[in-house]
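These are the residues of each chain, in order.
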Amino acid sequence: QVQLVESGGGLVQAGGSLRLSCAASGRTFSSYAMGWFRQAPGKEREFVAAISSSISTTVYADSVKGRFTISRDNAKNTVYLQMNSLKPEDTAVYYCARALGGGYSRLEGGYNYWGQGTQVTVSS
């Protein structure tokens, strides 16, 4: 069973930065793409960013492109989401997820393991 544990959320003012981390259990972390999703109050969960397994190709939602950066450290079984220039509309619970394989997906169905989520609140 794979466990994903997010950390790094918190309260930040608009324009500030946060770095989320997601630590994964298991010995096959490097074989799988990883993704970040978020869910704001009253809204459906939405794709934020993803990174492939081997060559670390990345993809972003248009709403965060240029402000957020996803990266991974396979030696530490950890994926990161660096969030800069945060806006109040970035407020949400952020979830990391492990993909079904090495290629990333923008769809929730492309992931079969999820973390418990970490709250990010951006004040105006």
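1. Details of the nonpolar core
Moving on, step 1. Counting residues in hydrophobic clusters, the biggest one holds 36 residues, and the most contacted among them are Trp36, Leu81, Met83 and Tyr94.
Moving on, step 2. Where this core is concerned, the elements lending two or more residues are strand 3 (18-24), strand 4 (34-39), strand 5 (46-51), strand 6 (58-60), strand 7 (68-73), strand 8 (78-83), strand 9 (92-99) and strand 11 (118-123).

2. Some details on unusual backbone geometry
Moving on, step 1. One non-glycine residue, asparagine 77, lies in the positive phi region at around 55 degrees.
Moving on, step 2. For asparagine 77, the location among the structural elements is in the loop between strand 7 and strand 8.
Moving on, step 3. We classify asparagine 77 as buried; its relative accessible area is 18%.
Moving on, step 4. Of note, serine 85 is a non-glycine position whose phi angle comes to about 50 degrees, a positive value.
Moving on, step 5. By the secondary structure assignment, serine 85 is in the loop between strand 8 and strand 9.
Moving on, step 6. Judged by relative accessible area, serine 85 falls into the partly exposed class, the value being 41%.

3. Quick word on the sheet that holds strand 3
Moving on, step 1. Strand order in the open sheet made by the four strands is 1-3-8-7, with antiparallel pairing throughout. Single-partner strands in this sheet number two, and they are strand 1 (4-7) and strand 7. Strand-to-strand, the axes of this sheet are offset by a mean angle of 15 degrees, without reference to chain direction.
Moving on, step 2. Pairing analysis gives six bridges linking strand 7 to strand 8, with the strands arranged antiparallel. Within strand 8, the residue paired with arginine 72 across the bridge is valine 79.

4. Regarding the packing of aromatic side chains
Moving on, step 1. Here the structure, examined in full by the defined rule, presents four aromatic pairs.
Moving on, step 2. Here the aromatic rings of phenylalanine 37 and phenylalanine 47 are separated by 5.6 Å at their centres, their planes lie at 75 degrees, and the arrangement is edge-to-face. Note that phenylalanine 37 is positioned in strand 4 and phenylalanine 47 in strand 5, a separation of 10 residues in sequence. For the pair formed by phenylalanine 37 and phenylalanine 47, the shared burial category is buried.
Moving on, step 3. In this structure, arginine 45 packs its charged tip against the face of tyrosine 95, placed 4.9 Å from the ring centre.
Moving on, step 4. If you follow arginine 72 out to its NZ or CZ, it ends over the ring of phenylalanine 29, 4.6 Å from the centre.

Conventions and cut-offs
- Residues numbered from 1 in each chain as written.
- Predicted model: local features only at pLDDT ≥ 70, side-chain atom pairs only at ≥ 80, totals over all residues.
- Heavy atoms only, no water.
- Core = buried A, V, L, I, M, F, W, Y, C linked by side-chain atoms within 4.5 Å.
- Buried < 20%, exposed > 50% of the residue type's maximum accessible area, 1.4 Å probe, protein only.
- Helix = DSSP H or I, 4+ residues; strand = E, 2+ residues; numbered from the N terminus.
- Pairing = 2+ DSSP bridges.
- Axes fitted to C-alpha atoms, helices over the stretch in contact; angles between N-to-C directions.
- Phe/Tyr/Trp six-rings, centres within 6.5 Å; stacked < 30°, edge-to-face > 60°.
- Lys NZ or Arg CZ within 6 Å of the ring centre and 35° of its normal.

These figures come from the coordinates and say nothing about function on their own.
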